[in-house]
Amino acid sequence: MISRRIFLQFASAASLALGSRTAHAANAPGVTDTEIKIGQTMPYSGPGSSYGLLGRAEAACFQMINEQGGVNGRKLTLVSLDDAYSAPKTVEQTRRLIEQEQVAFIFGQFGGFTGLAVRQYLNDNKIPQLFGATAADIVGDPERYPWTIGLNPAISTEAHIYAKYILANNPNGKIAVLYQNDALGKGFVTGMHEGVGAANAPMIVKEASYELSDPTVDSQIITLQGSGADTLIIGATNKAAAQAIRKAADLGWSPDRFLFNGASSIVGTLKPAGLEKSKGVITANYGKDPNDPRWKDDPGIKQWQAFASKYLNAADFTNVIGLYGFTAGLLIAQVLKQCGDDLSRENIMRQALNIKGFAGPGGLPGATIDTSPSNYFPIRQLWLSRFNGESWELFGNLLSD
């Protein structure tokens, strides 16, 4: 069972050291000759608690890396604090990480509105805010917030892909949209309007938002059903997405359903909704599903399975959230490897914007993670998938916006 404060301290060898090392005056706080201290907030409690596996998988990834010698001879120490998926708590915990724990940078925070709550503070202090688990478009704003970069595809990219598919396959369709009332959800709505275009704007017949504090989204689904829509866009995180799928089925409403990829976890969303009720749901994946038999001999999934069996458990192995966290942990390790002995915050940010052709274990064939000073969305390629009652089945081709 994970504690709300994960503090990894494992001895590491210098087997990966790149020659001799001397201390740099410009190194970030939290960096010594033997350690790099990294901070993060994560919803280990509250409405986003099903995503807490991200933090556990990333902590375990760092443990594995440390046991293999660390990064350039330094161990990685992750201080991961519970923010209960609450923006005020994120602010409190992030300030603690920076001002008391003295971490070098912030990595992998979960949530759009939670990450945005601390973005100004981190950018004002020139502290890297790296690879947050959010799809909100406004995370990628290098002109105003050059120290913040997310990891997920932009929500608009996903929405545009859904819109293109609907226009091609159901051009006379009527679209209803359920969305979380924050930057993420509003980005989904904006992306759908952009995707269908002004000429087809009447296709979107109803929109309904929900608050994280809402116990259910049943009333919203009833309202959306009443609009006469034959297509439902579910721009929601796990709990609300599961409720939406289940309620629509219970009402006997069977629209074409498109599910935000961040809520595509079989364990976190589709099982709670009901696997039979989830059959036919479409999402735009940017990673492999470890439940899909097509990947059973895939080297990346084998790598993930070996890792999960040693550092996590069988249930975590089947959860795409864990695989995402493992991939993110390896990605930040790559950034730190590229830093060499210059671990100033400036160079950490510079290297985070210089990722070329990174193919993590969970990435789809042909898709890579790439960044540059003008590209703050590392993942830009997605593949439509349909749930068959047991696993996601890819169809069509790798797509980009």
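This report concerns the structure included in the present document. The structure displayed is predicted, hence computed values, not measured ones. (Residues numbered from 1 in each chain as written. Predicted model: local features only at pLDDT ≥ 70, side-chain atom pairs only at ≥ 80, totals over all residues. Heavy atoms only, no water.)

Examining the overall build of the chain
Across its full length, the chain holds 13 helices and 14 strands. Taken over C-alpha atoms, the radius of gyration comes to 21 Å for the chain, in line with the 21 Å a tight globule of 401 residues would show. Seen through its principal axes, the chain has C-alpha atoms that stretch 65 × 45 × 35 Å. Taking all 401 residues of the chain together, the buried fraction comes to 59%. Contacts in the chain between residues at least 24 apart in sequence constitute 71% of all its contacts with a sequence separation of at least 6. Element-wise, carbon and sulfur atoms account for 50% of the exposed surface of the chain, whose accessible area totals about 15,300 Å². For the chain, the separation between the mean place of its 35 positive charges and that of its 36 negative charges on side chains is 2 Å. (Helix = DSSP H or I, 4+ residues; strand = E, 2+ residues; numbered from the N terminus. Rg over C-alpha atoms; globule rule 2.2 N^0.38 Å. Buried < 20%, exposed > 50% of the residue type's maximum accessible area, 1.4 Å probe, protein only. Contact = heavy atoms within 4.5 Å. Areas by Shrake-Rupley, 256 points an atom, 1.4 Å probe, with all protein chains shown as cover. Lys, Arg positive; Asp, Glu negative; His and termini not counted. Charge placed at Lys NZ, Arg CZ, Asp CG, Glu CD.)

Digging into the packing of aromatic side chains
Applying the stated criterion to the full structure yields 15 aromatic pairs. Ring centres of Tyr165 and Phe258 lie 5.9 Å apart, and the angle between their planes is 65°; on these two criteria the pair is classed as edge-to-face. Highlighted residues: Tyr165 in helix H4 (residues 155-169) and Phe258 in strand E10 (residues 256-259), separated in sequence by 93 residues. Residue class for Phe258 comes out buried when judged on its relative accessible area of 2%. Between Phe307 and Phe326 the ring centres are 4.1 Å apart and the planes differ by 15°, which places this aromatic pair in the stacked class. Within this pair, whereas Phe307 is found in helix H10 (residues 299-311), its partner Phe326 is found in helix H12 (residues 320-339), the two being separated by 19 residues in sequence. Here the aromatic residues Tyr162, Tyr165, Phe188, Phe258, Phe260 and Phe395 are joined through ring pairs into a cluster of three or more. Residue placement shows Lys288 over the ring face of Trp295; its charged tip is 5.7 Å from the ring centre. (Phe/Tyr/Trp six-rings, centres within 6.5 Å; stacked < 30°, edge-to-face > 60°. Lys NZ or Arg CZ within 6 Å of the ring centre and 35° of its normal.)

Description of the pattern of salt bridges
Enumeration according to the criterion identifies 12 salt bridges in this entry. Arg96 is paired through a salt bridge with Glu101; the nearest N and O atoms lie 3.8 Å apart. Linking Asp292 and Arg294 is a salt bridge whose minimum nitrogen-to-oxygen distance equals 3.1 Å. Looking at Asp292, the relative accessible area reads 6%, which means it is buried. (Salt bridge = Lys/Arg side-chain N within 4 Å of Asp/Glu carboxyl O.)

Focus on unusual backbone geometry
Its identity is not glycine, yet Ala84 carries a phi of approximately 55°, on the positive side. Within the fold, Ala84 resides in the loop between strand E3 (75-82) and helix H2 (87-99). According to the relative accessible area criterion, Ala84 is partly exposed, its value standing at 26%. A positive phi is found at Phe131, a non-glycine position, where the angle reads about 55°. You can call Phe131 buried: its relative accessible area is 1%.

A few points about the pairing of strand E12 (residues 381-387)
Here E12 lies mainly inside the structure; 5 of its 7 residues are buried. Bridging between strand E11 (residues 282-285) and E12 involves 4 bridges; their strand directions are antiparallel. Paired with Ile282 across the strands is Arg386, a residue of E12. When E12 meets strand E14 (residues 399-400), the two strands line up antiparallel, connected through 2 bridges. (Pairing = 2+ DSSP bridges.)

Observations regarding the side chain of Asp289
Note on placement: Asp289 falls in the loop between E11 and H10. Buried Asp289, no salt bridge; nearest opposite-charge side chain is Arg294, N-O distance 9.0 Å. Of the polar contacts made by the side chain of Asp289, one reaches the backbone nitrogen of Trp392; its length is 3.4 Å. Apart from the residues within four sequence positions on either side, Asp289 is in contact with Ile266, Trp295, Val320, Ser391 and Trp392. (Polar contact = N/O pair within 3.5 Å; in protein donor to acceptor, adjacent residues only side chain to side chain.)

Quick word on H10
Between its first and last C-alpha, H10 extends 18 Å over 13 residues, near the 18 Å set by a 1.5 Å rise per residue. Residues of H10 that are buried: Gly300, Ile301, Trp304, Phe307, Ala308 and Tyr311. Looking straight down H10, one finds that the buried residues subtend no more than 125° of arc, so they occupy a single side. Facing away from the buried surface of H10 by more than 90 degrees, the exposed residues are Pro299, Ser309 and Lys310. Contacts made by the buried residues of H10 are with helix H1 (52-67), helix H11 (314-317) and H12. At the N-terminal boundary of H10, the capping side chain belongs to Asp298, with an oxygen 2.9 Å from the backbone nitrogen of Gly300. (Expected span 1.5 Å × (residues − 1). Arc of directions from axis to C-beta.)

Quick word on helix H13 (residues 345-352)
In terms of residue burial, H13 counts as a mostly covered element, since 6 of its 8 residues are buried. Along H13, the positions that sit buried rather than exposed are Arg345, Asn347, Ile348, Met349, Gln351 and Ala352. Of the surrounding secondary structure, the elements contacted by the buried residues of H13 are strand E5 (129-132), strand E6 (148-150) and H12.

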